[in-house]
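# Coordinate analysis (summary)
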Protein chains: 2
Amino acid sequence: MSERTVFFLSDQTGVTAETLGHSLLTQFDGQDFRQVTLPFIDSEDKAKEAVGKINLAAKKGGVKPIVFSTLVQDDFRAIIREAEGLHLDIFDAFLEPLEDELKQKSTHEPGRAHGMSDIESYMKRIEATNFALANDDGGITRNYEVADVILIGVSRSGKTPTCLYLALQYGVYAANFPLTDEEFDSGTLPDFLVKQREKLVGLTITPARLQQIRKERRALGQYASAQQVRYELREAEKIFRKYDVPHINTTEFSIEEIASRILNTTGVERRVRP
Amino acid sequence: MSERTVFFLSDQTGVTAETLGHSLLTQFDGQDFRQVTLPFIDSEDKAKEAVGKINLAAKKGGVKPIVFSTLVQDDFRAIIREAEGLHLDIFDAFLEPLEDELKQKSTHEPGRAHGMSDIESYMKRIEATNFALANDDGGITRNYEVADVILIGVSRSGKTPTCLYLALQYGVYAANFPLTDEEFDSGTLPDFLVKQREKLVGLTITPARLQQIRKERRALGQYASAQQVRYELREAEKIFRKYDVPHINTTEFSIEEIASRILNTTGVERRVRP
């Protein structure tokens, strides 16, 4: 049986090649790919090494590997081109129309992070991450005045990873507060949240999925019981309605999608761009 | 003066379009772009709304906007095409050669996260994030047996955001332990780290940059003094050498680059793919 390998080649981290490749490959159902990332190809030797790996995969797999490439330098690109594969290269495809439109030649140099704007962006992301950590799970600081957004929802509805992702990817200041018996019994939110009402976003999820996630953590006891998760989700949704809090059902979404939908719902501006 | 707008269009989050666009635009020095992301274009109305925004930007800016698009559905793509812009579309560029090579038509359906593999991947990322949080900054659990990698370095060398990024992006179990006076005075690592020696990666940074970062946090006192940061970095590097710990200078790198270099240096396999 033939095995198809997909390579992601880069003179940097390979994240762009992977993101691009993943978007395209999900358009083909039922295909099984072996995925290999070869980052930091920044010398002739490394380019030749990559060619060796691609040719080996072609030989062993019996089919052409697919090569997503974001190498910038022409000499390394020329070496890679020699490999036995289907080459899909964003610079081949898009650089020429961009040069024509911008009336400027591109630098063909690896776009390494540098200069003050990148340092600033690094700092902003770090500060946002520290904010998310300090204001996680009800936090101790409850520094909600400077928050861009405050997520509320039951335990394991996705609040923590979403806040961290918002911080790392977008530099957004995201706090989160767990809804527990205290809120369910009174049917109300604490005053310090009501004051920040316009920053609140609710996360909800289907009972079945929440039960599945909670079981991973603690299989036994009430925490993951069908009755308990249904009760908590029902009460949380009552609170969302009472305070008119926009909410997102996270069941079908990846962390990226939840984060992106939050920005889209609230209109919160990202503080950094990738 | 003309202002050039760059649009990132998607029926999903827009992350792919942004990543792609950013890689290409960094090839053009000295250009200043206004960047607008329009995610979740999943209806005719939203596609038409996007066209309106692009045309308005063309008119106001006096130059063609650049449109990076990852819309999958043909009817919405056709609407977007009508907008006044330079259209750069990964599906236009790459879907046909992929279909030819794979001998399969693509689905042309938005690749929403679904199915068990995505739930599994979500869970893995969440579990890895929880691990990173529990094992941050020396942690309380010190659950180092199950760690994939343990970062060591002085305060503010980038350990925490890197661990969180490794967890969220790659599902990798990353712990971190801060090097402080205890280690500097003895010149040794604690036993529980020595036991996990093959998992250790050191982070280092230039004194000037570390000072700058620390000043953001606490401007006064010894913590951010030139003398203190030089002392700590020198002692940390002695320890890296003593235990033969591979180390990465993070000064010039983004969080993505540090994370990617760690995987590359250690050979640790990611647990999830984007």
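Residues numbered from 1 in each chain as written. Chains lettered and ligands numbered in written order. Predicted model: local features only at pLDDT ≥ 70, side-chain atom pairs only at ≥ 80, totals over all residues.

## Considering the sheet that holds strand β6 (residues 174-178) of chain B
Residue and element names in this part refer to chain B. The condition that has to hold: Whether two strands pair comes down to DSSP finding at least two bridges between them. Each helix is a run of DSSP H or I of at least 4 residues and each strand a run of E of at least 2, with the numbering of both proceeding from the N terminus. In this analysis an axis means a line fitted to C-alpha atoms, helices contributing only their contacting stretch, and an angle means the value between N-to-C directions, from 0 to 180 degrees. In this description, a residue-residue contact is defined by the distance between C-beta atoms placed from the backbone, which must lie within 7 Å.
With respect to topology, four strands assemble into an open sheet ordered β6-β5-β7-β8, the strand pairing being parallel. Single-partner strands in this sheet number two, and they are β6 and β8 (247-249). Pairs of neighbouring strands in the sheet enclose a mean axial angle of 25 degrees, with direction left out of account. Bridge analysis of strand β7 (residues 200-204) against β8 gives three bridges, and the strand direction is parallel. Residue L203 lies in a different strand from β8, and its bridge partner there is I248. Docked against the sheet, helix α6 (residues 159-170) engages β5 (149-153), β6 and β7, running at close to 175 degrees with respect to β6. Seen against the sheet, helix α10 (residues 226-242) touches β5, β7 and β8 and runs at an angle of roughly 155 degrees to β7.

## Section: the domain arrangement of chain A
Rules: Residue ranges assigned to the domains are those given by an automatic or database domain assignment.
In terms of domains, chain A is made up of domain 1 (4-102) and domain 2 (115-266). For domain 1 of chain A and domain 2 of chain A, the distance between their C-alpha centroids amounts to 38 Å.

## So, the interface of chain B and chain A
Defined as follows: Note on residue categories: nonpolar means Ala, Val, Leu, Ile, Met, Phe, Trp, Tyr, Cys or Pro, charged means Asp, Glu, Lys or Arg, and polar means any other residue, Gly included.
Contacts between the two partners involve 63 residues from chain B and, on the opposite side, 62 residues from chain A. Contributions of two or more residues to the side of chain B that touches chain A are made by α1 (15-25), β3 (66-70), β4 (86-89), α4 (90-102), α5 (115-134), α6, α9 (207-217) and α11 (255-266) of chain B. Considering only residue class, the side of chain B that touches chain A consists of 29 nonpolar, 22 polar and 12 charged.

## Notes on the sheet that holds strand β5 (residues 149-153) of chain A
Residues and elements named next belong to chain A. Taken together, four strands build an open sheet; the order of strands is β6-β5-β7-β8 and the sheet is parallel. Bordering the open sheet on either side are β6 (174-178) and β8 (247-249), each of which pairs with just one other strand. When strand polarity is set aside, the average angle formed by the axes of neighbouring strands in this sheet is 25 degrees. In this structure, β5 lies alongside strand β7 (residues 200-204), joined through three bridges in parallel fashion. Across the sheet, the residue bridging to L151 is V201, located in β7. Against the sheet, helix α6 (residues 159-170) engages β5, β6 and β7, with an angle of about 175 degrees to β6.

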